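# A structural walkthrough
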Amino acid sequence: MANSDNIKNDAALVDVSQIKAINKVSFKQRMKAYKRKPLSLVLLILVGLAAAISAAALIFIIVYVLVRGVPNLTPELFSLEYNSDNVSCMPSIINTIILTLVTLVISVPFGVGAAIYLAEYAKRGNKLVKVIRTMAETLAGIPSIVYGLFGMLFFVYALNWGYSLLAGAFTLAIMVLPTIMRTTEEALLTVPDSYREGSYGLGSGKLRTIMRIILPSAMPGILAGIILAVGRIVGETAALIYTYGSATGYAAGPFNSGRSLAVHMYVLTNEGLHTDQAWGTAVVLLVLVFAINTLSAFVAKKLGNNKR
Amino acid sequence: MDKFTIENMNLYYGKFHALKDVNIRMKKNRITAFIGPSGCGKSTLLKSLNRMNDLVEGCKITGDIRLDNEDIYGDMDVNILRKRVGMVFQKANPFPMSIYDNIAFGPRTHGIKNKCELDQIVEESLRDAAIWDELKDRLKKSALGLSGGQQQRLCIARALAVKPEVLLMDEATSALDPISTGKIEELCLKLKNDYTIVMVTHNMQQALRISDETAFFLLGEMVECNSTDAIFSNPQDKRTEEYITGRFG
Amino acid sequence: MRLNRFREKAMQGVFFLTAVTSIAAVVIICIFLFYNGVPAMAEIGFFDFVGGQKWAPTNVPASYGIFDMIIASIYVTAGAIIIGVPIGILTAVFLARFCPAPLYKVLKPATELLAGIPSIVYGFFGLMVVVPFIRDTFGGFGSSWLAASIVLGVMILPTIIGVSESAIRAVPESYYEGALALGATKERSVFKTILPASKSGVLAGVVLGIGRALGETMAVVLIAGNQVQIPHSVTDGLRTLTANIVLEMGYSTGLHRQALIATGVVLFVFVLLITLSMQAIKSRSEKRG
């Protein structure tokens, strides 16, 4: 007993930060070791260099876009009405917001429902589940231009919706489905089994348990996934050009064409007449996407805190 | 003759004082066993002998640790130290490559590239670890396919392949069945002719069976160190006696 | 009570239906692409289409050979891999094994941010910065194989870094400690034990990167020059399968339009092959682990 008391006191008596440890490896010692093994030093330098290049690429792109773009964030760029002089991005911003909302309304129920089935109902090793997962992965791998082609063939022509908000939204809904499915399923799987058992123990049915207990506790993870999907929708171009089209005004109804911000920027770039405005639009797009990603990371972090 | 000498050694993990004023000597060509309850610091001390504790964040060591009277925390290259002081871990950790490449990893690390020379080292090491006959026909097979006992002896052979002077064994048999354990104990007795062995063990009978010297640790203190016979038959400290008798009876 | 049970069953059915949506989606996508693309291939002749080197849809008579574009897609992807893979894997190694904790807190989100930049912004940046740089340094038009490779190489970095880093982190620490205990340097321990042990995960990241590079459209169409040819040097322009679709779909009609859809089918088949090989890699590594 006396001994364990000693230990507790000990930590209080010794100021650990004052200890001069002998197991510190000095820079000189390290260099001496590398002298014997120069290849290791080369590897270390390569690894550091690669990381520096990755970081530099990001910083360079962002700083360059900001420097060229911010001076072009003029009031005209945000005027309510588009014309070929001001190439205002306001209509496309509004269109993007509406497009995002409609896409989510379509894809979230399907994505979350599918994830609930996979995480809560499906039995382990079920063949069908395997197929569903494989298909979801296949969807995730399809390039956006192929989605664009399909959306054009199916929604625009086969269903005869024309270039329209709905055609664009449905196309993107399929595109972001795997993202929402995967993140939701991951979030559901982090809900501890004790929650389920506790709820069943109180006599609740499975459905009630899912709706009242599991979904709410997985909500931050699901939200983070949805926000991630929003990031993809906002940044998407190739899947939209031949589905949502590129009409310049506000898309007033579900069967009207409009251009999203990313498509707007593509058109500006392609025309080559409004480079300054394109830089400005790039800033708007970057800021939007980064804000969305940061929000997603923030929400996901909340989930991590909840778990503890 | 002393292989390792440790004087006034203290070790902290962050604020936790894990080893307190340890003084101990380990003799050449002897097996020294560290015994004591879990968390007493015996593994920590072992890992300080080849500086594997350097990997632990916030680990601070003071005092003096010498190998052949050379300060191992001074100017000695840590990679050379680890070549001289080999280690066998609690859980066998063969690399996910062939048996041959596992053994050859160390020699290759230290610059041996000649195929004939490597072949020779691989065979010698496996023979020294008494596992050559079992493995000689499957050198190109993955080491992960071996049984637990074979894996651990492979790891001993791997450690021997760099021609160390000291072999540290961190509860090297605790995950093995009695037959494999017996083989490794036998091996240790054979190896001590050429190597100095320091082992940490939970198993007091093992210490009694094969070690020449035994040190008993409790709560970060080295309570008693003596010849194994003396420790077990005539412990000087009451705590040692309590531990030993508590375990046996 | 009975109502309750009915509701349970009904909702289970609803969840099941949502789950099979992804199967339905893949099936419908396949049907529509093949239904619209395959007849064109038949009409042009499969080998004339895939192996033909002349793409002149508005000529009389028109010719629809996409061979040069298939090669171009492969060239651009290869270029992106040559640039992106070494940097990506080494960065992953740095993040997983060498990065001091405070730096990691900055660097990790930075690589994720890189993934968030929309491809149109990459394309625009490439057009305004990379293309002029190549024009001034190496001559030519600037819009080229090299420009597309550089930009795509950066674009696939976050994919490769992310997947490789988690693969490297999944390797048991005991391999690393085992190598250190034999007297290997930290670098040798990492590169000779940890990296080889994580190779199937790293490979999965590379394959995922290949898929991204092959399917990328908006960035490539702005900076690759879009000439239908097999480039002779890295400063020559080329037109990928994806670019072909975006460039001409707007004004195409009849067989021309169908040929473009068939181009999409070829791309789709490439991507399916990549997804399949990806899943093969994954199941193999799962079996072993």
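Keep in mind that what you see is a predicted model, and the values were worked out from it rather than measured.

### Regarding the overall build of chain A
Scanning chain A for helices and strands turns up 11 helices and zero strands. Its C-alpha radius of gyration of 27 Å places chain A more than 25% over the 19 Å reference for a compact globule of 308 residues. Structurally, chain A occupies a C-alpha span of about 85 × 60 × 40 Å along its principal axes. For chain A, long-range pairs separated by at least 24 residues make up 72% of all intrachain contacts whose partners lie at least 6 apart in sequence. Carbon and sulfur atoms form 65% of the exposed surface of chain A, whose accessible area is close to 14,600 Å². Distance between charge centres in chain A, computed from 26 positive and 15 negative side chains, equals 14 Å.

### A word on the packing of aromatic side chains
Counted according to the given criterion, the structure contains 24 aromatic pairs over all chains. Between F34(C) and F268(C), the ring centres sit 6.3 Å apart and the planes meet at 65°, which makes this aromatic pair edge-to-face. In this pair, F34(C) sits in helix α1 (residues 2-44) while F268(C) sits in helix α12 (residues 254-288), placing the two residues 234 residues apart along the sequence. Since its relative accessible area comes to 30%, F34(C) is described here as partly exposed. A residue is classified by how much of its surface remains accessible, and F268(C), at 1% relative accessible area, is buried. Among the aromatic residues, those joined into a ring-pair cluster are F150(A), F154(A), F155(A), W161(A), F170(A), F255(A) and F32(C). Between R158(B) and the ring centre of F95(B), over which it is positioned, the NZ or CZ distance is 4.2 Å.

### Comments concerning the confidence of the model for chain C
Taken as a whole, chain C shows an average pLDDT of 92; of its residues, 98% reach a score of 70 or greater. By mean pLDDT, the top-scoring element of chain C is helix α3 (residues 67-98) of chain C (96), and the lowest-scoring one is α12(C) (87).

### Here we look at the interface of chain A and chain B
In this complex, chain A contributes 19 residues to the contact, which on the side of chain B involves 23 residues. Buried surface at the junction of chain A and chain B, both sides included, amounts to about 1,900 Å², of which 52% is carbon and sulfur. On the surface where chain A and chain B come into contact, there are one salt bridge. Among the salt bridges present, the one from R36(A) reaches D77(B), with a minimum N-O distance of 3.1 Å. Counting the contacts that link chain A with chain B gives seven residue pairs in polar contact (both at pLDDT 80 or more). Elements with a contribution of two residues or more to the side of chain A that touches chain B: α1 (2-13) and α2 (27-36) of chain A. Looking at the side of chain A that touches chain B residue by residue, the classes come out as nine nonpolar, four polar and six charged.

### Things to note about unusual backbone geometry
Residue V60(C) is joined to P61(C) through a cis peptide bond whose omega torsion reads -5°. With respect to the helices and strands, P61(C) occurs in the loop between β1 (55-56) and β2 (63-64). Positive phi, normally seen in glycine, also occurs at R51(B), with a value near 60°. Structurally, the position occupied by R51(B) is in the loop between α1 (42-48) and β4 (59-67). A positive phi is found at N226(C), a non-glycine position, where the angle reads about 70°. Position of N226(C) relative to the elements: it lies in the loop between α10 (218-223) and α11 (241-249). When its relative accessible area of 13% is taken as the criterion, N226(C) is described as buried.

### Notes on the interface of chain C and chain A
Between chain C and chain A, the contact holds 70 residues from the first and 76 residues from the second. Contact between chain C and chain A buries roughly 6,300 Å² in total, counting both sides, with carbon and sulfur atoms accounting for 83%. At the junction of chain C and chain A, the tally comes to zero salt bridges. Ranked by residues supplied to the side of chain C that touches chain A, first place goes to α1(C) with 19 residues. Classifying every residue of the side of chain C that touches chain A gives 47 nonpolar, 16 polar and seven charged.

### Points about the pairing of strand β8 (residues 196-200) of chain B
Within a regular beta strand, the side chains point alternately toward one face of the sheet and then the other, so they alternate between its two faces. Residue and element names in this part refer to chain B. Judged by how many residues are buried, β8 sits mostly within the fold: five of five residues are covered. Here β8 shows a buried face lined by T196, V198 and V200 and a second buried face lined by I197 and M199. Summarising the sheet, strand β3 (residues 31-35) and β8 pair through four bridges and their orientation is parallel. Bridging from a neighbouring strand, F34 pairs with V200 of β8. Where strand β7 (residues 166-170) lies against β8, five bridges are found, and the strand directions are parallel. Looking across to β8, one finds that M169 is bridged to M199. The parallel pair β7 and β8 is bridged by helix α7 (residues 178-191), and the resulting crossover is right-handed.

### Considering the domain arrangement of chain A
Residue and element names in this part refer to chain A. Segmentation of chain A into domains returns domain 1 (2-16 + 19-70) and domain 2 (73-307). Centre-to-centre separation of domain 1 and domain 2, based on C-alpha positions: 39 Å. At the interface, seven residues of domain 1 touch seven residues of domain 2. Taken over both partners, the interface formed by domain 1 and domain 2 buries close to 680 Å², and the fraction arising from carbon and sulfur atoms is 79%. Contact with domain 2 buries area across many residues of domain 1, yet V65, R68 and G69 alone supply 56% of it, more than any other trio. On the surface where domain 1 and domain 2 come into contact, there are zero salt bridges.

### Some remarks on the confidence of the model for chain A
All names here are of chain A. Mean pLDDT over chain A stands at 88; residues scoring 70 or higher make up 94%. Within chain A, the lowest mean pLDDT, 47, falls on α1, and the highest, 95, falls on helix α3 (residues 38-69). In the predicted structure, residues 1-9 sits below a pLDDT of 50 and forms five contacts with residues beyond four places in sequence or in another chain.

### Brief notes about helix α9 (residues 199-215) of chain C
If you check α9(C), its first and last C-alpha atoms are 24 Å apart, about what 17 residues at 1.5 Å a residue would give, namely 24 Å. Along α9(C), the residues that are buried comprise S200(C), G201(C), V202(C), A204(C), G205(C), V206(C), V207(C), G209(C), G211(C), A213(C), L214(C) and G215(C).

### Digging into the pattern of salt bridges
Scanning the model with the defined rule gives 29 salt bridges over all chains in all. The shortest N-O distance in the salt bridge between R239(B) and D237(B) comes to 3.2 Å. Across the pair R169(C) and E165(C) runs a salt bridge, and its minimum N-O distance is 2.8 Å. Linking R169(C) with E165(C), this pair stays in helix α6 (residues 145-169), spanning four residues, or about one helical turn. You can call E165(C) buried: its relative accessible area is 2%.

The rules behind the values
Residues numbered from 1 in each chain as written. Chains lettered and ligands numbered in written order. Predicted model: local features only at pLDDT ≥ 70, side-chain atom pairs only at ≥ 80, totals over all residues. Heavy atoms only, no water. Helix = DSSP H or I, 4+ residues; strand = E, 2+ residues; numbered from the N terminus. Rg over C-alpha atoms; globule rule 2.2 N^0.38 Å. Contact = heavy atoms within 4.5 Å. Areas by Shrake-Rupley, 256 points an atom, 1.4 Å probe, with all protein chains shown as cover. Lys, Arg positive; Asp, Glu negative; His and termini not counted. Charge placed at Lys NZ, Arg CZ, Asp CG, Glu CD. Phe/Tyr/Trp six-rings, centres within 6.5 Å; stacked < 30°, edge-to-face > 60°. Buried < 20%, exposed > 50% of the residue type's maximum accessible area, 1.4 Å probe, protein only. Lys NZ or Arg CZ within 6 Å of the ring centre and 35° of its normal. pLDDT = per-residue confidence, 0-100. Buried area = accessible area lost by both parts, 1.4 Å probe. Salt bridge = Lys/Arg side-chain N within 4 Å of Asp/Glu carboxyl O. Polar contact = N/O pair within 3.5 Å; in protein donor to acceptor, adjacent residues only side chain to side chain. Nonpolar A, V, L, I, M, F, W, Y, C, P; charged D, E, K, R; others polar. Pairing = 2+ DSSP bridges. Right-handed = clockwise from strand over helix to strand, strands pointing away. Domains from an automatic or database assignment. Expected span 1.5 Å × (residues − 1).

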